[in-house]
Amino acid sequence: MIETKTASTPSVSDVRMGALFGALFSLPLMVLYFLGERIAGLPFPPFDIFDVVTRLLPGDVLTFGIDAMVEVLLALGWGATLDTTAKTVEQVMALALFVLFGAMVGWLIFAVAGRGGRVASLALGAVSGLLAYGMGQALGVTLADFTGLVWLVLLGAGWAWALLWAYDTLGAVTSPDADGVVLMNRRQFLVRVGGTTAFFTVIGTGLGTMLSPTVASFRPREGTASPSEPDAFVDGSGQPLPNWDDPVLPAPGTRAEYTPLDEHYRIDIVIGRLPEIDEATYTLPITGLVAREVSWTLDEIRAMPGEDAFITMACISNRIGGSLIGTTKWTGVPMQYILQQIQPDEDAVALRIRGADGFDEYLSLDLIRQDARVMLAYAFDDQPLPVANGFPLRVHIPDRYGMKQPKWITSIEVVDELGEGYWVRRGWSREALVRATSVIDTVAVDDLITDADGVLRVPIGGIAWAGARGISKVEVSVDDGDWIEAQLRSPMSERTWVIWRYDWAFTEGQHRFAVRCYEADGTMQTLLDAPVRPDGATGIHSVNATIRTPDTDV
Ligand SMILES: Nc1nc2c(c(=O)[nH]1)N[C@H]1C(S)=C(S)[C@@H](COP(=O)(O)O)O[C@H]1N2
Ligand SMILES: [Mo]
């Protein structure tokens, strides 16, 4: 007997197939998005959707997830490139979430198709595209235009069409024909379609990757800043650093004292494309409780009295000894000057600063009035801010972690309360004051030196930093022995890290080296271990090193 499928009763397993095909077909869909992004700068919804979902979640869920992820990465030994690796994992999570949504919509489409709703199915696909567009738009992260909208809606409808095809074909091939022959079972069909889909996904991804611009790497340079290197004590344009003639030289293997611009760490909530702001049309509106609202162009801001400062900045989620810290020369306009121009009202309390990626933070007017160094910055290393680091404008506040200092500033509003910014709302520190920290970068076991008395020594070195509070002393302890004072290089400014060095009298074997520092006022760094969340990590950095007698005379 020949059974004909009735259009009105989709079985549970049909609908389940819808979820499978929905997930499967979301892969080539993402590839098409990807190609569109690469070729024509069209939106890439998976990252936007992930953005929206994580923002809708209570803050703790997000930070908990990120914390957990970072733990896993550290356990896997990816600590050195934590910022880039964390971003990659976030991206993978975003793609996985998109596949999950694909499964959900696929499930719906099969259910609707089973009830004969062919047009409704196509409409579902189109509406999904519209939603994806809307999410990006709502965040202001996807700066998509009408073309972007059409692209997403068309792809959504096309995707639904492919699902309808799968639904029909599945019905046809798995039902016996007039001679009672069944072409394939569901699994065979799924495997065949899956194979084809995988093939195109791989080819498309390869193509898209070939079209990708080379991604800058933020890997810290290893073993640089050795004093023998000609570029050891200059900035990016070859100008000598303020402390170039300091006689205390970094131990070989110490990180570069001045972070090369392309190696400055990067941390932000952007998952996909960076906000690209067009200088030609950009203006900075400052509105709200002011006598004079303004909307300055970048050229107008650059023409204001500016200042340079060598600045170390770190992320509050930098672990002890982590790589989310960097030093460069910042240029900008003192915020005090900006206040003079706009003249805040009596009841004005804070600036609410917004970034193009949806990030926001508050900056108290009192803080600006107390500290002339608070800066609206437009340059790093004598060049316009790199896109990754906040072009065209960002804020610097001495002594605070990066989370208080927005990049890609699109607007400033003068308001009557000091509200909570993006990360504060998610449970991180309100003040985000930098905690004093010291790090061992190198135990230069291959660069032993002989001192004036003929004693063989191992150069040990690294950095110490306490925001803008200065470092007065660094001490090293070997194998839990006494704390011995290290030599300090003068810092580039009171806001940068200090390079320290200690030449330890050589003894063979495995040793443990630990470091601690004191702030300028004599306060010792916190020795107790604290995690990065919520106030920034504290604790002692230590490393183990095995030291052998060199083969040849040193
Ligand atoms: N617009 C915007 N600004 C931002 C962020 C962000 O996500 N968006 N992240 C902040 C954080 S947490 C840090 S640590 C610094 C990092 O600056 P960098 O990427 O230039 O190193 O930017 C801050 N400013
Ligand atoms: Mo950060």
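Structural data are supplied above this passage.
A quick note: this is a predicted structure, and the numbers were derived from the prediction, not measured.

A. Local environment of the packing of helix α6 (residues 146-174) against helix α7 (residues 186-210). It is at 10 Å that the axes of α6 and α7 come closest, and there the two elements cross at 140 degrees. With respect to each other, α6 and α7 are oriented oblique. Considering the relative orientation of α6 and α7, their crossing is right-handed. Within the contact between the two elements, α6 uses Trp165, Ala166, Thr169, Leu170, Val173 and Thr174 and α7 uses Arg186, Phe189 and Val193. Its residues placed into classes, the contact of α6 with α7 shows 6 nonpolar, 2 polar and 1 charged.

B. Highlighting the site of ligand 1. The local shell around ligand 1 holds 20 residues, among which Tyr265, Asp357, Asn389, Arg394 and Lys407 are the closest. Note that an oxygen atom of ligand 1 is positioned 3.0 Å from one of the backbone N or O atoms of Ile267. In the environment of ligand 1, a nitrogen atom lies 2.9 Å from a nitrogen or oxygen atom belonging to the backbone of Gln405. Considered on its own, ligand 1 offers 530 Å² of accessible surface; in the complex 99% of this is hidden by protein. Classifying every residue of the shell around ligand 1 gives 10 nonpolar, 5 polar and 5 charged.

C. The arrangement of the pairing of strand β5 (residues 350-355) in detail. Among the 6 residues that make up β5, 5 are buried, leaving the element largely enclosed by the rest of the structure. Across 5 bridges, the pairing between β5 and strand β6 (residues 360-364) is antiparallel. The residue of β6 that forms the bridge with Arg354 is Asp360. The antiparallel hairpin formed by β5 and β6 contains 4 residues in its connecting segment, where Gly358 sits at a positive phi of about 95 degrees. One ladder, built from 6 bridges, connects β5 with strand β10 (residues 409-415); its direction is antiparallel.

D. How the structure looks around the pattern of salt bridges. For the coordinates displayed, the defined rule picks out 26 salt bridges. Measuring nitrogen to oxygen at the nearest pair gives 3.0 Å for the salt bridge that ties Arg501 to Asp503. Among the ionic contacts, a cluster of salt bridges with common partners joins Asp371, Arg373, Glu494 and Arg495.

E. Focus on the environment of Leu284. Tracing the backbone shows Leu284 in strand β1 (residues 283-288). Overall, the relative accessible area of 0% leaves Leu284 in the buried class. Residues contacting Leu284, with those up to four places away along its chain left out, are Val294, Ser295, Trp296, Ile301, Leu376, Leu393, Ile409, Thr410, Ser411 and Ile412.

F. Layout of the sheet that holds strand β19 (residues 541-547). Spatially, 4 strands are ordered β15-β14-β18-β19 in an open sheet, and the strand pairing comes out antiparallel. Either end of the sheet is taken by a strand with one partner, and the two such strands are β15 (483-485) and β19. Between one strand axis and the next, the sheet turns through 30 degrees on average, direction left out of account. With 7 bridges joining them, strand β14 (residues 471-478) and strand β18 (residues 509-519) adopt antiparallel strand pairing. Residue pairing across strands places Val478 opposite Phe513, the latter belonging to β18.

G. Structural detail: the sheet that holds β5. An order of β2-β1-β10-β5-β6 is seen for the 5 strands of this open sheet, with the pairing classed as mixed. Strand pairing shows two members of the sheet lacking a second neighbour, β2 (294-297) and β6, which therefore form its edges. Ignoring strand direction, the axes of neighbouring strands in this sheet form an average angle of 20 degrees. Contacting β1, β2, β5, β6 and β10, helix α9 (residues 335-342) crosses the sheet at an angle of about 130 degrees to β2.

About the criteria used
Each chain has its residues counted from 1, running along the sequence as written. Following the order in which they are written, the chains are lettered starting with A and the ligands numbered starting with 1. In keeping with the predicted nature of the model, local features appear solely for residues at pLDDT of at least 70, side-chain atom pairs appear and are counted solely at 80 or more, and the whole-chain, interface and lining totals rest on all residues. Only hydrogens and water are removed before side-chain values are computed, so all heavy atoms of the structure are retained for them. Think of each axis as a best-fit line through the C-alpha atoms, taken over the contacting stretch in the case of a helix, with angles from 0 to 180 degrees between the N-to-C directions. Helix and strand assignments come from DSSP, with helices taken as H or I runs of at least 4 residues and strands as E runs of at least 2, each series counted from the N terminus. For classification, angles of less than 35 degrees are called roughly parallel, those exceeding 145 degrees roughly antiparallel, those between 65 and 115 degrees roughly perpendicular, and all remaining angles oblique. For any pair of crossing helices, the crossing counts as left-handed if the nearer helix is rotated counterclockwise from the farther one by less than a right angle, and right-handed if it is rotated clockwise. Only heavy atoms matter for contacts: two residues are in contact if any of them lie within 4.5 Å across the pair. Ten residues, namely Ala, Val, Leu, Ile, Met, Phe, Trp, Tyr, Cys and Pro, are considered nonpolar, four, namely Asp, Glu, Lys and Arg, are considered charged, and the remaining ones, Gly among them, are considered polar. Whether a residue is near a molecule or strand is decided by its heavy atoms; if any one of them lies within 4 Å of it, the residue is near. Polar contacts here mean pairs of N or O atoms no more than 3.5 Å apart (in protein, one a potential hydrogen donor and the other a potential acceptor; neighbouring residues in sequence count only if both atoms are side-chain atoms). Residue exposure ignores everything except the shown protein chains as possible cover, and the areas themselves are Shrake-Rupley values with a 1.4 Å probe. A simple rule labels every residue: compare its accessible area, found with a 1.4 Å probe on the protein chains alone, to the largest value its type can have, and call it buried under 20%, exposed over 50%, or partly exposed in between. Here, a strand pair is defined by DSSP locating no fewer than two bridges between the strands. Only one rule defines a salt bridge in this text: a Lys or Arg side-chain nitrogen within 4 Å of an Asp or Glu carboxyl oxygen.

Any functional reading would require information that these geometric values do not contain.
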